[in-house]
Amino acid sequence: MIQPLEEFIIYVDPSRCLGCRSCEVACAVEHSSSKQLFSAISEDPRPKPRTSVVVADGVYVPMRCMHCDPAPCVKACPTGSMRRTDEGFVVSDPARCIGCRTCLLACPFGHPSYSSRGKVIKCDHCIDRFKSGMPPACVEACPTGALRFGRAEELLGEERRRRALEMITGLGEGGVVYRRAASPVLVGR
């Protein structure tokens, strides 16, 4: 039985990302015709990843579709190519895509990309793998746990325990203390 998407998330932890781009390679291979690394690199057109590692202020951040609800890309798509599946994933149907790129403009995360075939491609959360009980290819390929897949409550609980352990062992950052700004001091009167 397929579980609703809202119970499952991909947790992204940029502090664990090394920028190795294993997630990108695994994603491209998963969406290739052959689904084999050495065959995929010779396919024409070469398969593109639906996830990407972005460097922001010196930090590697694995960026992927957030499958927003409501999804601005679904609302903006004039042909219905962008749609939500019964499982809750936002997917693009290349047969209905006219390549207008409206979804690219609507996405708040800059996620969908444009293929050499004139169609928009985006993360489909590896829906076929999900239906067979497997994690998304990007998660399975991540060697450091920067990408983790599972039930939201369990992943967030693990993260709380990890951060608590870092705090008591001195490995983590302490809490942030905010102070009220001092009253302005008038000088020269």
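Please refer to the structure higher up on the page.
In what follows, the accompanying structure is described.

Reading the values: rules and limits
Throughout this description, residue numbers start from 1 for each chain and increase along the sequence as written. pLDDT decides what is reported in this predicted model: residues at 70 or higher carry local features, side-chain atom pairs at 80 or more are listed and counted, and totals for whole chains, interfaces and linings draw on all residues regardless. Only heavy atoms go into the side-chain values, all of them from the structure, while hydrogens and water stay out. Helix numbers and strand numbers start at the N terminus; a helix is a DSSP run of H or I with at least 4 residues, a strand a run of E with at least 2. Categorising residues by exposure relies on relative accessible area from a 1.4 Å probe, with only protein chains included: less than 20% of the type maximum marks a residue as buried, more than 50% marks it as exposed, and the intermediate range marks it as partly exposed. Any two residues having at least one pair of non-hydrogen atoms within 4.5 Å are treated as being in contact. Using a 1.4 Å probe, accessible areas were evaluated by the Shrake-Rupley method; residue-level cover was limited to the displayed protein chains. A cavity, in this analysis, means grid points on a 1 Å lattice covering only the protein atoms where a 1.4 Å probe fits yet has no way out; a pocket is instead an open set bounded by protein on both sides within 12 Å along at least five of seven lines, and a residue lines either one if it has an atom within 4 Å of a point. Grid points are joined across faces, edges and corners, and a volume is the space filled by probe spheres set on the points. Amino acid classes used here: Ala, Val, Leu, Ile, Met, Phe, Trp, Tyr, Cys and Pro are nonpolar; Asp, Glu, Lys and Arg are charged; the rest, including Gly, are polar. A side-chain nitrogen of Lys or Arg and a carboxyl oxygen of Asp or Glu constitute a salt bridge if their distance falls within 4 Å. Here a Phe, Tyr or Trp ring, Trp counted by its six-membered ring, pairs with any other such ring whose centre lies within 6.5 Å, and the pair is stacked when the planes are under 30 degrees apart, edge-to-face when over 60, and tilted otherwise.

### Some remarks on the overall build of the protein
So, step 1. Within the protein one finds seven helices and eight strands.
So, step 2. Evaluated residue by residue, the protein yields a buried proportion of 38% over its 189 residues.
So, step 3. Sequence-distant contacts, at least 24 apart, represent 56% of the contacts inside the protein between residues at least 6 apart.
So, step 4. Accessible area for the protein stands at about 12,100 Å²; split by element, carbon and sulfur atoms hold 55% of it.

### Focus on the layout of surface pockets
So, step 1. Size it by volume and the largest pocket reaches roughly 610 Å³.
So, step 2. Looking at the largest pocket, it is lined by 25 residues, and the ones nearest its centre are H31, R50, P94, R117 and I121.
So, step 3. The set of elements that each furnish at least two residues to the lining of the largest pocket consists of strand 5 (90-92) and strand 7 (120-121).
So, step 4. When grouped by side-chain class, the residues that make up the lining of the largest pocket number eight nonpolar, seven polar and ten charged.

### Comments concerning the pattern of salt bridges
So, step 1. Under the defined criterion, the tally for this structure stands at 13 salt bridges.
So, step 2. Where R163 meets E159, a salt bridge forms, and the shortest distance between an N and an O atom there is 2.8 Å. Of this pair, R163 and E159 both sit in helix 7 (residues 152-169), four residues apart, roughly one helical turn.
So, step 3. For R163, a relative accessible area of 45% corresponds to the partly exposed category.

### Re the packing of aromatic side chains
So, step 1. On inspection of all chains with the given rule, the structure shows four aromatic pairs.
So, step 2. Relative to F130, the ring of F89 lies with its centre 5.0 Å away and its plane at 85°, an arrangement referred to as edge-to-face. Within this pair, whereas F89 is found in the loop between strand 4 (82-84) and strand 5, its partner F130 is found in helix 5 (residues 127-131), the two being separated by 41 residues in sequence.
So, step 3. Accessibility expressed as a relative area gives 10% for F130, which makes it buried.
So, step 4. Arranged with centres 6.2 Å apart and planes meeting at 85°, the rings of F130 and F149 form a pair that is edge-to-face.

### Focus: the side chain of H111
So, step 1. Looking at the secondary structure, you find H111 in the loop between helix 4 (102-106) and strand 6 (113-114).
So, step 2. Using a relative accessible area of 13% as the deciding quantity, one classes H111 as buried.
So, step 3. In this view, H111 contacts R50, T51, R64, C65, K122 and C123; residues no more than four positions away in its chain are not counted.

### Notes on unusual backbone geometry
So, step 1. For the bond running from D44 to P45, omega is 0°, close enough to zero to count as cis.
So, step 2. Topologically, P45 is positioned in the loop between helix 2 (37-40) and strand 2 (52-56).
So, step 3. The phi dihedral of K35 falls on the positive side, at around 60°, and the residue is not glycine.
So, step 4. With respect to the secondary-structure elements, K35 resides in the loop between helix 1 (22-30) and helix 2.
So, step 5. In this structure, C126 takes a positive phi of about 50° despite not being glycine.

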